[in-house]
Amino acid sequence: MSKQEGTAVVKGSIPVSVLILTKNEQHDLPACLNSVAWSDDVHVLDSGSTDDTVALARAQGALVTSRTYPGSTAPFGGDEAAHRNWGLRNIPFKHGWLLLLDADERATPELLAGMRAMLAAPGDSVAYRIHRRDYFLGTWIRHVTPSPFNIRLIQPAAVSYERIINPVTLVNGAVGEMEAHFDHFPFSKGMSHWFAKHNDYSTFEARHLMDGQKGPQTFQLRKALFAKDINERRMHQKGIYYRLPWRPLVMFLGLYVGKRGFLDGRAGFVYAVLRAIYEYMIVLKVAEQSPPGVKKA
């Protein structure tokens, strides 16, 4: 029996499986596992951790599946979508619904209540968007985060992923909205870790952009603005966005001014600056990889 905000939750009383992706997550994983102690089917998909991640997961009762990439130090072996798709197709989940979390995220009592309500009156949705609350400098940065809604509660057979890094979620069916949230602590390991992680991610974002420039340009402004499906809309928005000049400045102004990140105080300003720096890392790496005479991203 686990407790959420003082309320006892019997293990297995909520028929939802859990999948957590890990690599060297001994710092964050225990608290994440504690937040899903109500589930009787918790899985950890590990990418070759060299710390105590796997031992800690097993000690807390999680089922561990390891998928390593010999010879590759890239995140998820260089293709996050393929890694996630493999997990959904090969791990034998006990329940029909699956909650997806990263190790630096936490399920909340509100999320448990939302899942209970959904299971009590199931509709035709095969996936649900859930509000993510990001924390930085000890505060919830409510305004400045670019995409606070994420598809995280799914029926595995109905979902797949595309894009080698920061993948797009594709859903074959209706997507619902859940009035609940989970918590995210992206700076839990410190600023040095954040920069190291985003240095890796920017390399793959640059590679993805370079590969995209080789094919036809299929992104449409109409779909970026008016597509009914939010994931399709975001895909076209991102495709158009990556072709804009002065992207780092656009990112900063979009988050700090457009999304009113200034209401988040110092944390909002610093976060907007960090996201602009990340964009500039991508710009520089695309320029580095572009042949002479080719227009830089």
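Up top is the structure these notes are about.
Residues numbered from 1 in each chain as written. Predicted model: local features only at pLDDT ≥ 70, side-chain atom pairs only at ≥ 80, totals over all residues. Heavy atoms only, no water.

(A) A look at unusual backbone geometry. Unlike most non-glycine residues, N24 shows phi in positive territory, near 55 degrees. By the element assignment, N24 lies in the loop between β3 (16-22) and α1 (29-35). With relative accessibility at 32%, the residue N24 sits in the partly exposed group. Even without being glycine, R260 reaches a positive phi, approximately 60 degrees. By the secondary structure assignment, R260 is in the loop between α8 (247-258) and α9 (265-289). (Helix = DSSP H or I, 4+ residues; strand = E, 2+ residues; numbered from the N terminus. Buried < 20%, exposed > 50% of the residue type's maximum accessible area, 1.4 Å probe, protein only.)

(B) How the structure looks around the environment of P30. Looking at where P30 falls in the secondary structure, it is placed in helix α1. Its relative accessible area of 23% is what places P30 among the partly exposed residues. As for P30 and Q60, which are separated by 30 residues in sequence, their C-alpha atoms are 7.8 Å apart. With residues up to four places along the chain from it excluded, the contact list for P30 reads E25, L56 and Q60. (Contact = heavy atoms within 4.5 Å.)

(C) Representation of the packing of aromatic side chains within the structure. In the structure shown here, the tally under the stated rule is 11 aromatic pairs. Taking 5.4 Å as the distance between ring centres and 20 degrees as the angle between the ring planes, the aromatic pair formed by F252 and Y256 counts as stacked. Here Y256 and F252 lie together in helix α8, a separation of four residues that amounts to about one turn. Classification of F252 as buried rests on a relative accessible area of 18%. The rings of F136, F187, W194, F195 and Y271 are connected pair by pair, giving a single aromatic cluster. In this structure, R84 is placed above the aromatic ring of Y161, and the distance from its NZ or CZ to the ring centre is 5.7 Å. (Phe/Tyr/Trp six-rings, centres within 6.5 Å; stacked < 30°, edge-to-face > 60°. Lys NZ or Arg CZ within 6 Å of the ring centre and 35° of its normal.)

(D) Summary view of the packing of α8 against α9. Packing of α8 against α9 leaves a shortest axis separation of 8 Å and a crossing angle of 155 degrees. As the angle between them shows, α8 and α9 are arranged roughly antiparallel. Seen from above, α8 lies across α9 with right-handed handedness. When α8 is examined against α9, the residues R247, P248, M251, F252, L255 and Y256 are found in contact with a partner set consisting of G268, F269, Y271, A272, V273, R275, A276, E279, Y280, I282 and V283. Partitioning the contact of α8 with α9 into residue classes produces 13 nonpolar, one polar and three charged. (Axes fitted to C-alpha atoms, helices over the stretch in contact; angles between N-to-C directions. Parallel < 35°, antiparallel > 145°, perpendicular 65-115°, else oblique. Left-handed = near helix turned anticlockwise from the far one by under 90°. Nonpolar A, V, L, I, M, F, W, Y, C, P; charged D, E, K, R; others polar.)

(E) Looking closely at a nonpolar patch on the surface. Side chains of L244, W246, L249, V250, L253 and V257 sit close together on the surface and give an oily, nonpolar patch of about 590 Å² of accessible area. For W246, the location among the structural elements is in the loop between α7 (230-241) and α8. (Patch = residues over 30% accessible without salt bridge, like charges linked within 9 Å, V, L, I, M, F, W, Y side chains within 5 Å. Areas by Shrake-Rupley, 256 points an atom, 1.4 Å probe, with all protein chains shown as cover. Salt bridge = Lys/Arg side-chain N within 4 Å of Asp/Glu carboxyl O.)

(F) View of the side chain of E25. Examined against the element boundaries, E25 turns out to sit in the loop between β3 and α1. Classification of E25 as buried rests on a relative accessible area of 14%. In terms of polar contacts, E25 uses its side chain to reach the side chain of K189, at 2.7 Å. (Polar contact = N/O pair within 3.5 Å; in protein donor to acceptor, adjacent residues only side chain to side chain.)

(G) Geometry of the nonpolar core. In this structure, L19, L88, L98, L100, F136, I154 and Y271 are the most contacted members of the largest nonpolar core, which totals 39 residues. Looking at which element gives the most residues to this core, the answer is α9, with eight residues. In this structure, F136 is in contact with I141, F187, M191, A267, V270, Y271 and L274, ignoring residues within four places of it in sequence. If you look at the next biggest cluster of nonpolar residues, it comprises 31 residues, including I14, V16, V42 and V54. (Core = buried A, V, L, I, M, F, W, Y, C linked by side-chain atoms within 4.5 Å.)

(H) The pairing of strand β10 (residues 149-154), seen in detail. In terms of burial, β10 is a largely internal element, five of the six residues being buried. With two bridges connecting them, strand β6 (residues 97-102) and β10 associate as antiparallel partners. The residue bridging L99 from the neighbouring strand is L153, located in β10. Both strand β8 (residues 125-136) and β10 contribute to a ladder of five bridges, which runs antiparallel. Directly across from R129, in β10, lies its bridge partner I151. (Pairing = 2+ DSSP bridges.)

Function cannot be inferred from these measures alone, as they are strictly geometric.
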